[in-house]
Amino acid sequence: MNGGQSGNRLRLTGHVLANTAISSGLIRLDLDLGRPVSFAPGQFAMLNLTGPDSLVFSRPFSILACEETVVSFLYRVVGRGTALLARQEPGCVVTFFGPLGGSFPPPPDDSPVVILAGGVGLPPLYAWWRRYRRGEDRAYFGGRDGADVPWSLLEEGWRVSVDRLTNLPPGAEAWEGLVVDYGRHELTTSDGPRLVLACGPAPLLRAAARWAAEGNWPCLVSVEERMGCGYGVCNGCVVPLLATGDATDAVLPYATCCEEGPVFAAERIDWDAFARTE
Amino acid sequence: MQLPDWWQTDPCQRFTLGPREIPGRIWTASGCFGYGLSGHDISSPEFASPYDGIGAVVTKTVTPQPRAGNPMPRLAELPCGALNSIGLQNVGIDHFVSEVLPELERLGVPTIVSLAATRPDEFGEMTRRLHAVAGRYDHWHGVELNLSCPNVAEGGHDFGRSAETVAACVAAARPHLPDRCLLAKLTPNVGEIAPLAHAAVAAGADAIAAINTVIGLEVDLASGQPLLPRRFGGYSGPAILPIALAKVDEIVCEVGAAVVGIGGIATSEDALKFFALGAVAVQVGTAQLRDPFATAEIARELSR
C-alpha cells in the first residue's frame, strides 16, 4: 500500500552542519554524510551519538530533505535522546542508518491529495509536497501557536492552523483550531474523492482516519512508535492491525512500524488497540 | 584495539561444537537480528554486509504455533540497558520450516535455530521437524533451546529454573540432532546456574548459552504503574555484562561445559572477557539492534 523502500540501507557517519531551532519547539538538524543519499518521502533514519552520549537504542527521525550530501531532520526535544541531540554542535559526529521503512506514494492520477501534518509530523509530508505537489493538491499544517510554526518551511501553498491564535509573526495567516478540523472542510467543499496523507500525533491520525472514512476517501498515515532497531529485527515497534480474514493475520495481528510501516493504510489499523498503547 | 597476547584465536575460522563445525565464534543473539534475513540490503563504507565475519545467526525464537507477542509498549530504554517484553512474536515452526529456513539456506546465512516451547515433548517435535528436512540445509548448524525467556507467562522463566525440566527438554531434542549442535540457553534469574548447566550437559547438550535477559521492571512515574503491560521485562545491554561474566565463570569452573557467552557485549573488549573465561563463542544482542554491523565489527577487531 505504501511506496516501498527505495535503494539500499546505509550506515554512515555524519557530521553536524547545523542544529538550530526554527520555531519555538522544532529544531532542524542538517547532517553532512559525505556522500549523496536518496530517499522517498516518509522514510526515516536511525540516528545515534558516539562516545559517552551514545544511546542504547538509536532514535528514529523522518527525513525532511536530502540535498547532495546533506540530509535534514526536524525534531522536538521530548526525552533524553533528543535532549542530547539538541546539544550537538557543528562538527559533532552523529551516526546515520537509513533510509529505512516505506514511504508515501506519488500522487494518484485520478484524485487530488490532501495533506495533514501536525507539529513534528511535518518532515515526510514536507518532503512529499516538495517532490510531488500539483495545483489541485492541498497541504495543511497544525502547530501549537504562531511561534511553534516553522514558517520558513511552509512557503508554497501550505495552510496553517494553530491551537492558539497567538505569537503570529507579522503578515502570517493562520486558522484557529486543530489541523484535522481545518482540513476537514475539504470533505464538504471538494467535488470528488481525495487521497488523504497524514502524519502527526496519534489523535490527529485517528481523527483523519475517521473523517476520511466518512467521505469514503482513502487515507494513509505515518505512525510514530518507540523503536529498538529500525530495521525489522526486534519487533519492538509493532502497530495493531485489523484482521483481514486471512488466518495468519488473526494470529499475528501486529505489523512492525519500522519495516512494514511507518506508512499504513488507515483502514488497516486497529485504532482502538492503537489508542490503548498511547 | 590492541589484542592481548593470550588471544591467538581467529574468531572467523571454523571450530567444532558437538557434532558440527561452526563457521566462526562471533554470533548474533536470538531476537536481535530477526530470522537472519533482514541484513542483505544493508551496507556501510567499512563493511560489504552485516554478515561479514559472523559465525552464526541465532534466529528469533520459534514456537510450535505462531505467536502474536505482547501489546505495546514492548521496549523501555534505561541509562545502561534496555527492558524488552516482545512476547516471542514469531511465525511458528510450520511457516519457519517451509518459508524461512529455505531462504536462509539460499542466502547462505549460517543459522542456529532458537526454539521455545511449554513442554519437553514440543521441543522434541520441533527438532524432529527440522531433522526431517536437514538434508537440504548445509547452512543450518544447530538448535538453541530457549529455556529462559522471561516474558511468556505459561512457560519461559519458571520453566527454565528446574534442572529436571531442563534435562527433559534437552533429552527430547537430542535424538533429532545427530549431526547438528544443540545448545541450552539458560536463565540467569536463579541463585546458582551450575546445576541447570550440569543437567543440560548430562542430557546431551553440546554447549550452554548463557545468559538470557535479567528480569527487570521500569515504572512510569506519570501513571505510577509499571511501564510494560506485562509489568516485567528482560533487561539487556551493557548493565548485565558483569552478571553474564559471573554466570559463565560459574558454568565453566563448576561444570566444565562449553559455553557460548551472551550478555551486554557491545565491543570487542567485552567479547574478549568471555573468551578469557573460557567461552568457545559469543553472541551479540542489544548492540546489534543499535548497529547492524556491531557483530561484524567485533569479529573484525578480534581477527588476527
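Residues numbered from 1 in each chain as written. Chains lettered and ligands numbered in written order. Predicted model: local features only at pLDDT ≥ 70, side-chain atom pairs only at ≥ 80, totals over all residues. Heavy atoms only, no water.

### Looking at the domain arrangement of chain A
All names here are of chain A. Rules: Where each domain begins and ends follows an automated or database-derived domain assignment. Note on contacts: a residue pair is in contact if any heavy atoms of the two residues lie within 4.5 Å. Buried area is a sum: the accessible area each of two parts loses on coming together, probed at 1.4 Å, counted once for each and added.
Along its sequence, chain A is organised into domain 1 (3-100) and domain 2 (113-224 + 262-277). Between the C-alpha centres of domain 1 and domain 2 the distance comes to 23 Å. Between domain 1 and domain 2, the residue contacts involve 19 residues of the former and 20 residues of the latter. Here domain 1 meets domain 2 over a buried area of about 1,600 Å², counting both sides, of which 62% is carbon and sulfur.

### Some points on the sheet that holds strand S9 (residues 140-146) of chain B
Residue and element names in this part refer to chain B. The line we're drawing: A pair of strands is considered paired only if DSSP assigns at least 2 bridges between the two. To qualify as a helix, a DSSP run of H or I must reach at least 4 residues; to qualify as a strand, a run of E must reach at least 2; elements of each kind are numbered from the N terminus. Axis definition: a line fitted to C-alpha atoms, limited for helices to the stretch in contact. Angles are taken between N-to-C directions and run from 0 to 180 degrees.
Around the barrel, which closes on itself, the eight strands sit in the order S3-S5-S8-S9-S10-S11-S16-S17 with parallel pairing between neighbours. Across the sheet, the axes of successive neighbouring strands diverge by a mean angle of 25 degrees, strand direction being ignored. The sheet contact formed by S9 and strand S10 (residues 181-185) spans five bridges and is parallel. In the strand pairing of S10, Glu144 is matched with Leu183.

### Regarding the pattern of salt bridges
Residue and element names in this part refer to chain A. Test applied: Salt bridges are defined as contacts in which a side-chain nitrogen from Lys or Arg sits within 4 Å of a carboxyl oxygen from Asp or Glu. Relative accessible area decides the class of each residue, using a 1.4 Å probe on protein chains only: under 20% of the type maximum gives buried, over 50% gives exposed, and in between gives partly exposed.
As enumerated under the stated definition, the model contains 24 salt bridges over all chains in all. With its nearest N and O atoms 3.3 Å apart, the salt bridge here joins Arg194 to Asp191. Residue class for Arg194 comes out buried when judged on its relative accessible area of 11%.

### Some thoughts on the side chain of Ser85 of chain B
Convention followed: Side-chain atoms alone can form a polar contact between residues adjacent in sequence; in general such a contact is a pair of N or O atoms within 3.5 Å, and within protein one must be able to donate a hydrogen while the other accepts it.
The residue Ser85 of chain B is located in the loop between strand S7 (81-84) and helix H1 (92-107) in this model. Within the structure, Ser85 of chain B has its side chain in polar contact with the side chain of Asn70 of chain B (distance 2.9 Å).

### Examining the interface of chain A and chain B
Taken together, the contact pairs 34 residues of chain A with 42 residues of chain B. Taken together, both faces of the contact between chain A and chain B bury some 3,100 Å²; the carbon and sulfur share is 56%. Scanning the region where chain A abuts chain B turns up six salt bridges. Here Glu77 of chain B makes a salt bridge to Arg59 of chain A, at a shortest N to O gap of 2.8 Å.

### Examining the pairing of strand S11 (residues 195-199) of chain A
All names here are of chain A. For S11, the buried fraction is high: five of the five residues fall into the buried class. A two-sided burial pattern is seen for S11, the buried positions comprising Leu195, Leu197 and Cys199 on one face and Val196 and Ala198 on the other. As judged from the five bridges shared by strand S7 (residues 113-118) and S11, these two strands associate in the parallel manner. What sits directly across from Ile115, in S11, is Leu197.

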